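# Tertiary structure, described
Take a look at the letters that make up each chain.
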Amino acid sequence: MRVSRRGFLFGAAALPALTGLPSAAKAQAHFPNKPVKLILPYAPGGGPDLLTRAMAERMSEHLGQRVVVDNRVGAGGMLAGQVAANADPDGYTIVLGSSTHITQKLIQPSLQFDPLTSFVHITRLSISPSLLVVAEGSPYRSVKDLVAAAKAQPGKFNYASGGVGSAAHLSGAAFATHTGIDVVHVPYKGSVEIVPSIMSGTTEYGFPIASTAIPQINTGKVRALATTAAKRQEQLPDVPTLKEAFGSEDLVLEAWSGLWAPAKTPAEAVRILYMAASRAAQEAEIVALNSRMGADTAVTASPADFTAFMRSETEKYTRIVASAKIKAE
């Protein structure tokens with residue numbers, strides 16, 4: 001399910017979910033009456049960090065209280081998830097959850113939290129594909145150039161990711177499986193490390209998400225060979241999709257992010273957080289920022305719809321992890 005930033009504006013489809021919400025003045029007297037912490041599983045300075053901080057500012061205006069971003073990097077996003085799952089379920093701690101959390105749980109069933117049951121799901125915020133990138137000085141000018149070179153040197157090419165089970169890892173694993181290349185996965189602690197690894201020559205290529213990659217492409221640090229999106233991106237009209245290159249739907253992989261709160265967070269707090277987040281995400285400034293970084297605003301019609309979407313995503317990633325034989329390292 002994909003909702004474009006133009007196709008879902010805050011309007012009639014969302015209004016039923018807001019019916020019965022407290023007035024702004026009434027909400028102030030109850031929730032929130034102090035700052036809200038937004039735990040972010042990405043390092044400061046990257047695209048996801050910049051987007052989330054802009055969202056937090058807009059949410060603060062709608063809530064009447066500050067939304068403070070707390071960067072908690074580590075364990076492929078699992079540290080942030082664990083901290084949030086253990087927080088008091090009072091609405092004052094939320095976390096940026098993502099498709100990565102689902103895949104991590106699939107490859108590490110022993111994790112102490114579950115993206116489906118340890119949280120209430122507030123709203124999806126955006127969808128973003130990954131981009132297959134190489135260093136600007138790389139000799140590979142197309143995906144098929146890269147595949148041919150990798151096949152000629154089995155086991156010699158490295159690709160970078162933000163950790164085992166991350167969007168970049170899944171894209172890289174699916175790409176290797178489909179093309180039949182023998183390459184080495186090099187996992188880092190976060191997606192912000194993918195581009196520096198490629199620029200230094202430690203890895204030949206990687207699949208950072210568009211919000212991380214596009215700013216680096218625009219500054220000439222890396223070159224995009226393909227995208228994992230279902231169709232070409234407006235920001236990169238000359239960059240083909242992997243689906244175009246190989247004719248396979250299996251190579252269409254798009255990461256998503258959204259807001260969660262600890263399980264048992266009061267329904268009133270969830271409704272108010274949904275109202276603030278959905279309105280903030282659809283403001284022109286945030287939509288434009290998403291677009292410039294290669295993401296589509298994709299707010300769900302209600303918290304319940306976000307939960308339903310997450311269940312379908314869990315089914316999809318279960319199939320991908322099994323076919324690529326991805327295991328925790």
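Residues numbered from 1 in each chain as written. Predicted model: local features only at pLDDT ≥ 70, side-chain atom pairs only at ≥ 80, totals over all residues. Heavy atoms only, no water.

## Overview of unusual backbone geometry
The step from phenylalanine 31 to proline 32 runs through a cis peptide bond, and the omega angle for that step is -5 degrees. With respect to the element layout, proline 32 can be found in the loop between α2 (24-30) and β1 (36-40). Although it is not a glycine, lysine 264 sits at a positive phi angle of roughly 75 degrees. Inspection of the secondary structure puts lysine 264 in the loop between β10 (254-262) and α11 (267-281). (Helix = DSSP H or I, 4+ residues; strand = E, 2+ residues; numbered from the N terminus.)

## Brief notes about the nonpolar core
By size, the foremost hydrophobic cluster in this structure holds 63 residues, and its most contacted members are Leu132, Phe175 and Tyr205. Leaving out residues up to four positions away in the same chain, phenylalanine 175 has contacts with Leu132, Val143, Leu146, Val147, Ile181, Tyr205, Phe207, Leu242, Phe246 and Leu251. Counting residues in each nonpolar core, the second largest holds 33 residues, with Val36, Ile272, Ala281 and Ile286 among its members. (Core = buried A, V, L, I, M, F, W, Y, C linked by side-chain atoms within 4.5 Å. Buried < 20%, exposed > 50% of the residue type's maximum accessible area, 1.4 Å probe, protein only. Contact = heavy atoms within 4.5 Å.)

## A short note on the environment of alanine 173
Considering the arrangement of structural elements, one finds alanine 173 in helix α7 (residues 167-179). Taking the C-alpha atoms as reference points, alanine 173 and tyrosine 159, 14 residues apart in sequence, are found 9.6 Å from one another. Alanine 173 has contacts with Tyr159, Ala324 and Ile326, leaving out every residue within four places of it along the chain.

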